[in-house]
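# Coordinate analysis (summary)
Listed here are the chains, written in short residue letters.
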Amino acid sequence: MGKSIVITSGKGGVGKTTTTANIGTGLAQIGRKVCLVDADIGLRNLDVVMGLENRIVYDLIDVVEGHCRVRSALIKDKRFDNLFLLPAAQTREKDAVNPEQMEKLITELKQEFDYVLVDCPAGIEQGFKNAIAGADLAIIVTTPEVSAVRDADRIIGLLEADELFEPQLIVNRIRPDMIRRGDMMTTDDMIDILAIKLLGIVPDDESIIVSTNKGEPAVLDKKSVSGQAFRNIVRRLEGASVPFLALEEENMVKRLMRFIGIGGKS
Amino acid sequence: MSKEACIIKGNKHGLSISIPREMDFAEVLSQLRTRLASAQEFFAGAAVYVSAADRDLEPEEKQQLAKTVEEFGLSITEPEADEAPAPAVESGKDEFKEDTLLLRRTIRSGQKIRYDGNVVVLGDVNPGAEIICSGDILVLGSLRGVAHAGCTGNVNASVFAFRLEPTQLRIANYISRSPDEKLPKPLGPELARVCDNVIQITAYQS
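Quick look at the structure, then.

Conventions used here
Starting afresh in each chain, residues are numbered from 1 along the sequence in its written order. Chain labels run from A onward and ligand labels from 1 onward, assigned in the order the entries are written. Whole-chain, interface and lining totals are the exception, using all residues; otherwise, since this is a predicted model, local features are given only for residues with pLDDT of at least 70 and side-chain atom pairs are given and counted only at 80 or more. Each side-chain value is worked out from all heavy atoms of the structure, with water and hydrogens disregarded. Runs of E in the DSSP output that reach at least two residues are strands. Runs of H or I that reach at least four are helices, and both are numbered from the N terminus. For the exposure calls, accessible area comes from a 1.4 Å probe over protein chains only, and a residue counts as buried if that area is under 20% of its type's maximum, exposed if over 50%, partly exposed in between. When checking whether two residues touch, look at their non-hydrogen atoms; a contact exists if any pair is within 4.5 Å. Once two parts are brought into contact, the accessible area they lose, counted with a 1.4 Å probe and summed over both, makes up the buried area. Salt bridge, as used here, is a side-chain nitrogen of Lys or Arg placed within 4 Å of a carboxyl oxygen of Asp or Glu. Here a polar contact is taken to be a pair of N or O atoms separated by no more than 3.5 Å, where protein atoms must pair a possible hydrogen donor with a possible acceptor and residues adjacent in sequence count only if both atoms sit in side chains. As a working rule, the residues Ala, Val, Leu, Ile, Met, Phe, Trp, Tyr, Cys and Pro are called nonpolar, Asp, Glu, Lys and Arg charged, and the rest polar, with Gly in that last group.

## Brief notes about the overall build of chain A
- For chain A, the helix and strand inventory stands at twelve helices and eight strands.
- Every one of the 266 residues in chain A was classed for burial, and the buried ones make up 53%.
- A separation threshold of at least 6 residues defines the contact pool for chain A, and within that pool the share at least 24 residues apart is 75%.

This is the structure in structure tokens:
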């Protein structure tokens, strides 16, 4: 029996879908059998980010309404044979499903997959309630902004009310240069308020915009810093203890100095 | 002149004249006259109470006292018998149960705690959270949300926190908010209560 994880945030646009795609792809890369579920009915994106949009025949609503079997709605990833996507319906709305149906669906998927990752829509209404139904663990994505942290806090409270305890935090779009200038909240500031376990820090990275638009998750790009951050997150989910990225910008001089042993710790 | 003297003190009820136990009554009267004459305008119109520590004044003596006081335009008022129990009745007005709710968790944005009694939080109260109760609020952590103590009108209620950085503080019907400019973080526990019709925050010393 696998593990179901919901990726949520409250606020929109903080990178839930990108995170879901990258963690899912990262888990598949190390050989886990993974199913991604897009719970953002009516505003589906996960298929686009995964580059699988043109393969959709059936969707999540077709499954819960019994028009097709789960197996026929699942889309196999173009890169990994052990990665699947259950797309959301684009022509329906959030209230087309209820939490009981979602829970049943997730439980069914858990029988077959090591990980079931659910991409939660923004907001705290029906769509959110559907997405968290049947989840064993919640991952909260936030950015270093007061409004995003506030919404994350609200979400943690709602998860607790739904008996989904000990969520883990991913801080997305950290900009080390801004933190150094004192213009951005630090990870410590956010942990201080949210008081939950930190799962990962993902730096703001232009390459992720490129990869998202291309439908190629950044986690597969060996040169990408954010890809490295996601690979670390995947290893932590697997139970490994991986130190957090030191998000100091290292230029060539610094790197060289460290290489010959005069830079000390950066 | 003997060490003992007739003492005139002012308090919120008026003037109180204390007569020492072993003093000659004629001396009392003469002293009283001198004192009252020295500040006639100051004493004018005040209510006068006589307290004669352990000394039973003869009716005749009382009359003489009254007469002396009247010479200066004052009169002696008998103390009200039920003066002492009055505060007890007053405090009974702020009726709330002396119950305390203990919360062993972080109170997060969107969560609202309403309680008839005191609230103790073993954790933080985050921005966007609200605690409203009829008694005192104690936060053994950071208070960053909204706190309303004494919500049924108890102005003696207080709010205490290890880190008191609330969005808004309310005690009874007094409201205060944090200033718009950024404040230095509080270094230690602080206590907020109503003083002189405003909510005042002071560093907490046990």
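Having seen it, we continue.
## Digging into the overall build of chain B
- Summing up its helical and strand segments, chain B has four helices and 15 strands in all.
- Counting over 206 residues, chain B shows a buried share of 37%.
- The contacts in chain B between residues at least 6 apart in sequence include a share of 32% that link residues at least 24 apart.

## Quick word on unusual backbone geometry
Residue and element names in this part refer to chain A.
- One non-glycine residue with positive phi stands out, namely Glu166, at about 50°.
- Note that Glu166 resides in the loop between α7 (146–161) and β7 (168–174).
- Classification of Glu166 by relative accessible area gives exposed; the value is 67%.
- We note that Arg173 has phi near 60°; this positive angle belongs to a residue other than glycine.
- Tracing the sequence through the fold places Arg173 in strand β7.
- Judged by its relative accessible area of 34%, Arg173 falls in the partly exposed class.

## Some details on the interface of chain A and chain B
- Counting residues at the interface gives eleven residues for chain A, matched by ten residues for chain B.
- With both chains or domains summed, chain A and chain B bury close to 910 Å², and 37% of this area falls on carbon and sulfur atoms.
- Across the pair Arg108 of chain B and Asp153 of chain A runs a salt bridge, and its minimum N-O distance is 2.9 Å.
- Run the count over chain A and chain B and you get six residue pairs in polar contact (both at pLDDT 80 or more).
- Among the elements that make up the side of chain A that touches chain B, the one with the highest residue count is α7 of chain A (six residues).
- Residues that form the side of chain A that touches chain B fall into these classes: five nonpolar, one polar and five charged.

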